[in-house]
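Coordinate inspection notes
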Amino acid sequence: MYNLENKICSFNVNEYHLVTILIPYIYETINEGKKVITFFEKDLNEVCEKVLNTNSLFWKNKNIFKELEWGKVETNKLSEKFVDANESDIVIIAGKEEFIEKINALILNFHTNFTLVNCFEINEFNENLEMKMKNYSKILNTKGIKEIKEAYLV
């Protein structure tokens with residue numbers, strides 16, 4: 001089960017935007033000693049390489065990002081990703097809403113606590129974003145993580 005107070009959403013317009021949002025968050029997370037587990041609907045290897053090459057801090061620390069799986073997830077290998085899972089792990093799921101819901105349903109069967117980051121492709125979004133955001137406590141964007149109530153005062 002995931003840590004409800006650490007349920008984070010993110011919205012991106014394309015793969016480059018997604019990776020640009022994720023790279024600083026992943027870098028910080030790994031430097032805190034946490035493990036990052038990824039479930040991507042699309043292969044992001046090439047995009048990740050290009051984004052890493054545009055920032056000297058990340059380029060110099062490329063090896064950190066090379067250890068992550070940036071490729072398209074294989075659903076028959078989902079359970080393997082949780083073999084050494086810890087309570088402080090971060091699970092990142094990125095893709096269309098249907099893909100995210102499917103992976104969420106599958107991974108919630110694992111008995112481990114983790115922070116869940118769902119990264120939605122905004123182009124495929126038919127719902128009102130405010131309604132979707134009500135299911136999350138935080139949002140991840142290019143400025144980092146913000147409390148939803150802090151970022152979007154009503």
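Up top is the structure these notes are about.
Because the structure is a prediction, the values reported are computed rather than measured.

1. Regarding the overall build of the protein chain
In terms of helices and strands, the protein chain carries seven helices and six strands. The order of helices and strands in the protein chain, counted from the N terminus, is β-α-β-α-α-α-β-α-β-α-β-β-α. Here the protein chain holds 154 residues, and 44% of them are scored as buried. Across the protein chain, every contact between residues at least 6 apart in sequence was considered, and the portion connecting residues at least 24 apart equals 76%. Of the roughly 8,900 Å² that the protein chain leaves accessible, carbon and sulfur atoms contribute 48%.

2. Remarks on the side chain of Asn12
With respect to the secondary-structure elements, Asn12 resides in strand β1 (residues 7-12). The contacts of Asn12, once residues within four sequence positions are left out, are His17, Leu18, Ile21, Cys119, Phe120, Glu121 and Ile122.

3. Notes on the pattern of salt bridges
Using the criterion set out here, one finds seven salt bridges in the structure. Of the charged contacts in the structure, one is a salt bridge between Lys42 and Glu15, with a shortest N-O distance of 2.8 Å. Here the residue Lys42 occupies a position in the loop between β2 (36-40) and α2 (45-52), and Glu15 occupies one in helix α1 (residues 15-31), the gap between them amounting to 27 residues. Here Lys42 falls in the partly exposed class, since its relative accessible area comes to 33%. Ionic pairing is found between Glu32 and Lys34, a salt bridge with its closest N-O pair at 3.3 Å. Glu32 sits in the partly exposed class, given a relative accessible area of 48%. Salt bridges sharing partners connect three or more residues here, namely Glu15, Lys42 and Glu121.

4. Quick look at the sheet that holds β1
Spatially, β2-β3-β4-β1-β5-β6 is the arrangement adopted by the six strands of the open sheet, whose pairing is mixed. Edge strands, defined here as strands with exactly one partner in the open sheet, are β2 and β6 (144-147). Strand-to-strand twist across the sheet, computed as the mean angle between neighbouring axes with direction ignored, equals 20°. The pairing of strand β3 (residues 90-95) with strand β4 (residues 115-121) spans six bridges and is classified as parallel. Bridge pairing in β4 links Val91 to Leu116. Where α1 meets the sheet, its contacts fall on β1, β2, β3, β4, β5 (138-141) and β6, and the angle it forms with β1 comes to roughly 145°.

5. Brief notes about the packing of α1 against α2
Packing of α1 against α2 brings their axes to within 9 Å, and their N-to-C directions diverge by 60°. Considered as vectors, α1 and α2 are oriented oblique to each other. Regarding α1 and α2, the two cross each other, and that crossing is right-handed. Of the residues in α2, those touching α1 at Glu15, Tyr16, Val19, Thr20 and Ile23 are Val47, Cys48, Lys50, Val51 and Leu52.

6. Remarks on the environment of Ser137
Mapped onto the elements of the fold, Ser137 is located in the loop between α6 (129-133) and β5. Separated by 128 residues in sequence, Ser137 and Cys9 have C-alpha atoms that sit 8.2 Å apart.

7. Here's the deal with the pairing of β5
Working note: regular strand, side chains alternate between the two faces of the sheet. Examined bridge by bridge, β1 and β5 share two bridges and lie parallel to one another. From the neighbouring strand, Cys9 faces β5, where its bridge partner is Ile139. Following β5, the chain reverses through two residues before pairing antiparallel with β6.

8. Overview of the packing of aromatic side chains
The full count for this structure, using the stated rule, is six aromatic pairs. Ring geometry for Phe120 versus Tyr136: centroids 6.2 Å apart, planes at 80°, classification edge-to-face. Taken together, the residues span a long stretch of sequence, with Phe120 in strand β4 and Tyr136 in the loop between α6 and β5 at a distance of 16 residues. The pair Phe120 / Tyr136 is uniform in exposure class, with both members buried. Through pairs of rings, three or more aromatic residues link up here, namely Phe11, Phe120 and Tyr136.

Conventions used here
Residues numbered from 1 in each chain as written. Predicted model: local features only at pLDDT ≥ 70, side-chain atom pairs only at ≥ 80, totals over all residues. Heavy atoms only, no water. Helix = DSSP H or I, 4+ residues; strand = E, 2+ residues; numbered from the N terminus. Buried < 20%, exposed > 50% of the residue type's maximum accessible area, 1.4 Å probe, protein only. Contact = heavy atoms within 4.5 Å. Areas by Shrake-Rupley, 256 points an atom, 1.4 Å probe, with all protein chains shown as cover. Salt bridge = Lys/Arg side-chain N within 4 Å of Asp/Glu carboxyl O. Pairing = 2+ DSSP bridges. Axes fitted to C-alpha atoms, helices over the stretch in contact; angles between N-to-C directions. Parallel < 35°, antiparallel > 145°, perpendicular 65-115°, else oblique. Left-handed = near helix turned anticlockwise from the far one by under 90°. Phe/Tyr/Trp six-rings, centres within 6.5 Å; stacked < 30°, edge-to-face > 60°.

Purely geometric numbers; function is a separate question.
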